[in-house]
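Chains, contacts and geometry: an overview
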Amino acid sequence: MSYNILLDESAREYLVSLDDKSQRIVKDNLSKLAEEPYPKPGAGQGDREQLTIEGEEMYRLHIGRTHTAFYIIREDLQEVRVLELMDIDEAHKRYGE
């Protein structure tokens, strides 16, 4: 089963603002969500974690030590929608990870 990866406008804007190398790293990491978007049970926090932010269930993906993606999984549509993509320091400030 494979999921389509979709980026909301703000995530897309962040991505295109990055240099070529960073864009490639972010895209490569996001593409991994197509095959397995859920955190692996018992694997510790790792790079993916399920969160509840402002009452909404979503997931967080750390990309290296530089970027963070927040996304939801739509099983009914077989899609992963990246809602926000930001610098990891900004993510910590906004969401207190």
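Each remark here, short or long, concerns the structure printed above.
Residues numbered from 1 in each chain as written. Predicted model: local features only at pLDDT ≥ 70, side-chain atom pairs only at ≥ 80, totals over all residues. Heavy atoms only, no water.

Reading across the sheet, the five strands line up as β1-β5-β4-β3-β2 and stay open at both edges, with mixed pairing between neighbours. Each having just a single partner strand, β1 (4-7) and β2 (48-53) make up the two edges of the open sheet. Within the sheet, the average angular offset between the axes of one strand and its neighbour, ignoring direction, is 35 degrees. Pairing analysis gives six bridges linking β2 to strand β3 (residues 56-63), with the strands arranged antiparallel. Note that in β3 the partner of threonine 52 across the bridge is glutamate 57. (Pairing = 2+ DSSP bridges. Helix = DSSP H or I, 4+ residues; strand = E, 2+ residues; numbered from the N terminus. Axes fitted to C-alpha atoms, helices over the stretch in contact; angles between N-to-C directions.)

Within strand β5 (residues 79-87), seven of the nine residues are buried, leaving the element largely enclosed by the surrounding structure. For β1 and β5, the ladder comprises four bridges, and the chain directions are parallel. When the sheet's bridge partners are listed, leucine 6 is paired in β5 with arginine 81. Here strand β4 (residues 67-74) runs beside β5; their pairing, made up of eight bridges, is antiparallel. (Buried < 20%, exposed > 50% of the residue type's maximum accessible area, 1.4 Å probe, protein only.)

All right, on to the packing of aromatic side chains then. For the structure on display, the rule yields two aromatic pairs. Note on tyrosine 38 and tyrosine 59: the rings are 5.7 Å apart at their centroids and 90 degrees apart in plane angle, and the pair reads as edge-to-face. One end of the pair, tyrosine 38, is in the loop between α2 (20-31) and β2; the other, tyrosine 59, is in strand β3, with 21 residues separating them in the sequence. Judged by relative accessible area, tyrosine 59 falls into the buried class, the value being 6%. In this structure an aromatic cluster arises from ring pairing among Tyr38, Tyr59 and Tyr71. (Phe/Tyr/Trp six-rings, centres within 6.5 Å; stacked < 30°, edge-to-face > 60°.)

Along the chain, aspartate 8 falls in the loop between β1 and α1 (9-17). Aspartate 8 gets classed as partly exposed once you look at its relative accessible area, which sits at 24%. When the C-alpha atoms of aspartate 8 and glutamate 84 are compared, they prove to be 7.2 Å apart, with 76 residues separating the residues in sequence. Once residues within four sequence positions are removed from consideration, aspartate 8 is found in contact with Arg81, Val82 and Leu83. Among the polar contacts listed, one links the side chain of aspartate 8 to the side chain of arginine 81, at a separation of 3.0 Å. (Contact = heavy atoms within 4.5 Å. Polar contact = N/O pair within 3.5 Å; in protein donor to acceptor, adjacent residues only side chain to side chain.)

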